[in-house]
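# Per-entry structural report
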Amino acid sequence: MIHVLVAGFRGAMGQKTVKMVQSQKDFALSAVFDPKAIAADAQKYGLPADTKVLTSYDQLNPDIADVWVDFTNPTAVAANIEAAIKAGIHPVVGTSGMTPADQNRLIELAQARHLGGLIAPNFGLSAVLLMKFAQEAAAYFPDAEIIEMHHQDKADAPSGTAIATAHKIAAGRTQKPLSTIDNDARGQRIDDVPVHAVRLPGYIAHEQVLFGGPGEALTICQDSFDRQSFMQGVAVAIRKVQAANHLVVGLENFL
Ligand SMILES: NC(=O)C1=CN([C@@H]2O[C@H](COP(=O)(O)OP(=O)(O)OC[C@H]3O[C@@H](n4cnc5c(N)ncnc54)[C@H](OP(=O)(O)O)[C@@H]3O)[C@@H](O)[C@H]2O)C=CC1
Ligand SMILES: O=C(O)C1=N[C@H](C(=O)O)C[C@H](O)C1
């Protein structure tokens, strides 16, 4: 049995994860974490009677859970994952918006404690494949732009997936891009890839990568129409994370 703690259990992704964990025979929802949680939340969010509702890092220890699944927000995630690692709980991080400095610090902390973990910019298979295909295409089409589209409540922009996609395009390039004009209307340049962020009601999570070359174009796109699209990836991560020996970035490492 894998004992799972869900941080951010009252949020959109946290609620889905709580349900998914309860639906799997080899998972047990041993705890949830949120500093603002109150006792009545256990019933309100349909938690099993034996699930602990934790509100402080002081309550953590290695017996609380095997795996910490984090769907919180950019300001909370780094401190949460530091606390999880220090408590000996394997982190599975879905939260976006962590700074590169915080991410590197946590990778070093996990390494020092010989603890495996995962930071996944996107748990959806369609997004993982989009990033892989974009890296391959960049070898032939160095000029690329990313348009990411999300729901209006998303706290960060550009999305973690768009940032990761830009890094993969840069890794796949064999030539410099031709396009150089840079102004406010051209999006945020990440690794020489202009990234455009759209926030609109009705959207969940979507990304398009547009490549252009002499006389031709290639567009790769993916859509998460429902947050259920992320749950298969989260389940895979929970099953595999304890076998990892460091904090890895990208679900593709576990597939
Ligand atoms: N990697 C992936 O595949 C995916 C990643 N995400 C990312 O996951 C994150 C969560 O998304 P979403 O569920 O939509 O956001 P929500 O805002 O719906 O949920 C976040 C929840 O975390 C709570 N919270 C705030 N601080 C803490 C803390 N220190 N510890 C525990 N809980 C806390 C919030 O409470 P309160 O509102 O009271 O502050 C809220 O209930 C985002 O960063 C998003 O980008 C989303 C989808 C897929
Ligand atoms: O906030 C979201 O919803 C999502 N966030 C992640 C990101 O920032 O890329 C993953 C997915 O796009 C959904």
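Below, the structure is looked at part by part. Values in this document were obtained by computation on a predicted structure and should not be read as measured data. Starting from 1, residues in each chain are numbered consecutively following that chain's sequence as written. Chain labels run from A onward and ligand labels from 1 onward, assigned in the order the entries are written. For a predicted model such as this one, the threshold for reporting local features is a pLDDT of at least 70, and the threshold for listing and counting side-chain atom pairs is 80 or more; totals across whole chains, interfaces and linings nevertheless cover every residue.

### Describing the site of ligand 2
By nearness alone, every residue bordering ligand 2 is listed as S96, P121, N122, H150, K154, S159, G160, T161 and A205. Gly is placed with the polar residues, together with every amino acid not listed as nonpolar (Ala, Val, Leu, Ile, Met, Phe, Trp, Tyr, Cys and Pro) or charged (Asp, Glu, Lys and Arg). Among the residues making up the shell around ligand 2, the classes are represented as 2 nonpolar, 6 polar and 1 charged. Whether a residue is near a molecule or strand depends on its C-beta atom, generated from backbone atoms, being within 6 Å of that molecule or strand.

### A short note on the sheet that holds strand β9 (residues 193-199)
In short, DSSP must find at least two bridges between two strands for them to pair. Helix and strand labels come from DSSP, where a helix needs a run of H or I of at least four residues and a strand needs a run of E of at least two; each type is numbered from the N terminus. With mixed pairing, 5 strands are arranged side by side in an open sheet as β8-β9-β7-β10-β11. Both outer strands of the open sheet, β8 (188-190) and β11 (216-224), are each paired with one neighbouring strand and no more. Strand-to-strand twist in this sheet, taken as the mean axis angle between neighbours without regard to direction, amounts to 20°. Relative to β9, strand β7 (residues 144-150) runs parallel, the two being bridged by 5 bridges. Its bridge partner being in β9, I147 is matched across the sheet by H196. Throughout, a residue-residue contact means that the two C-beta atoms, derived from backbone geometry, are no farther apart than 7 Å. Axis lines are fitted to C-alpha atoms, over the contacting stretch for helices. Their N-to-C directions set the angle, which ranges from 0 to 180 degrees. Seen against the sheet, helix α5 (residues 125-138) touches β7, β10 (205-213) and β11 and runs at an angle of roughly 165° to β11. Most of the contacts of helix α6 (residues 160-172) go to β7, to which it runs at about 165°, and overall it touches β7, β8, β9 and β10.

### Quick word on the pairing of strand β2 (residues 27-33)
Most of β2 sits inside the fold, with 5 of its 7 residues counted as buried. Seen with its strands pointing away from the viewer, a crossover is right-handed when the path leading from the first strand over the helix to the second is clockwise. Once you follow strand β1 (residues 2-7) into helix α1 (residues 12-23) and on to β2, the crossover reads as right-handed. In terms of strand pairing, β2 meets strand β3 (residues 52-54) through 3 bridges, oriented parallel. What sits directly across from F33, in β3, is L54. The exposure label follows from counting other C-beta atoms within 10 Å of a residue's C-beta, where the C-beta atoms are placed from the backbone and the thresholds are 20 or more for buried and 12 or fewer for exposed, leaving partly exposed in between.

### Observations concerning the site of ligand 1
As a structural note, the neighbourhood of ligand 1 is formed by 26 residues, with G8, G11, M13, A76 and G94 the closest of them. Considering every element that reaches the shell around ligand 1, the biggest residue donor is α1, with 3 residues. Among the residues making up the shell around ligand 1, the classes are represented as 11 nonpolar, 12 polar and 3 charged.

### A closer look at the sheet that holds strand β6 (residues 117-119)
What the 7 strands build is an open sheet, ordered β3-β2-β1-β4-β5-β6-β12; its pairing is parallel. If you trace the sheet from one side to the other, it starts and ends with β3 and β12 (247-249), each paired once. Averaged over all pairs of adjacent strands, the angle between strand axes in this sheet comes to 25°, irrespective of strand direction. In the packing of helix α3 (residues 77-86) onto the sheet, contacts are made with β1, β4 (67-70) and β5 (90-93), and the angle to β5 comes to roughly 155°.

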